[in-house]
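Descriptive analysis of the structure
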There are 2 protein chains.
Amino acid sequence: MKFSASIDIMPLPALLDPQGKAVSSNMKNIGLAGIGNVRIGKHITLELEAANQAEAESQVKEACEKLLTNQIMEQFEFHVEALEAVA
Amino acid sequence: MKFSASIDIMPLPALLDPQGKAVSSNMKNIGLAGIGNVRIGKHITLELEAANQAEAESQVKEACEKLLTNQIMEQFEFHVEALEAVA
């Protein structure tokens, strides 16, 4: 079965996000002074083959932990959904 | 009223995503050969002050178009929600 996963990886809340801070302070230059507290992370989409939803979720979790996320500085959350109905 | 917005910015589907491709081909090295078609973009969260939901959405759209997204190469989608109930 084919699944699609959507992963959000963000800097940990306790850490400064200099990129987000730079964007926040530039918002007023384009006339959007009401926008603040910008934090910038990664959004990753992928497709995978797995027997069922639980296996798909465990594969995505493993990919996040081993390859996609630096867990010292980042946290992740993800959402997996089936692309096809069971045959 | 305070709103929080969550924005996903992804490379346009028609464009190659070399970073995603590199990650895809590394998945088999960590034993996750079933994962492919990885695409990597940005996930941005921010907070803003606006009179109502419609105004908040229009501000976020403007921020995406003017500052956050390179519309030649990227597309965005976002979701805005109220952080507090109306007083």
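See the structure printed just above.
Described in the following lines is the structure provided in the data block. Predicted, not measured: the structure shown is a model, and the values here were computed from it.

Definitions and limits used
- Residues numbered from 1 in each chain as written.
- Chains lettered and ligands numbered in written order.
- Predicted model: local features only at pLDDT ≥ 70, side-chain atom pairs only at ≥ 80, totals over all residues.
- Heavy atoms only, no water.
- Contact = heavy atoms within 4.5 Å.
- Buried area = accessible area lost by both parts, 1.4 Å probe.
- Salt bridge = Lys/Arg side-chain N within 4 Å of Asp/Glu carboxyl O.
- Polar contact = N/O pair within 3.5 Å; in protein donor to acceptor, adjacent residues only side chain to side chain.
- Helix = DSSP H or I, 4+ residues; strand = E, 2+ residues; numbered from the N terminus.
- Nonpolar A, V, L, I, M, F, W, Y, C, P; charged D, E, K, R; others polar.
- Pairing = 2+ DSSP bridges.

What follows deals with the interface of chain B and chain A. Taken together, the contact pairs 29 residues of chain B with 29 residues of chain A. Ranking the residues of chain B by area buried against chain A places I30, H43 and L67 of chain B at the top, with a combined share of 21%. Here chain B is connected to chain A by 0 salt bridges. The tally of links from chain B across to chain A stands at 12 residue pairs in polar contact (both at pLDDT 80 or more). Taken together, the elements giving at least two residues each to the side of chain B that touches chain A come down to β1 (2-11), α1 (18-27), β2 (35-49) and α2 (53-68) of chain B. The greatest single-element share of the side of chain B that touches chain A, amounting to 15 residues, is contributed by β2 of chain B. Residues belonging to the side of chain B that touches chain A are distributed by class as follows: 14 nonpolar, 8 polar and 7 charged. Taken together, the 11 bridges between strand β2 (residues 35-49) of chain A and β2 of chain B define a ladder with antiparallel strand orientation. If you follow E47 of chain A over to β2 of chain B, its bridge partner there is G36 of chain B.

Time to look at the side chain of S24 of chain A. Assignment of secondary structure puts S24 of chain A in helix α1 (residues 18-27). Setting aside residues no more than four positions away along its own chain, S24 of chain A makes contact with I35, G36, N37 and V38 of chain A.

Purely geometric stuff here, so don't read any function into it on its own.
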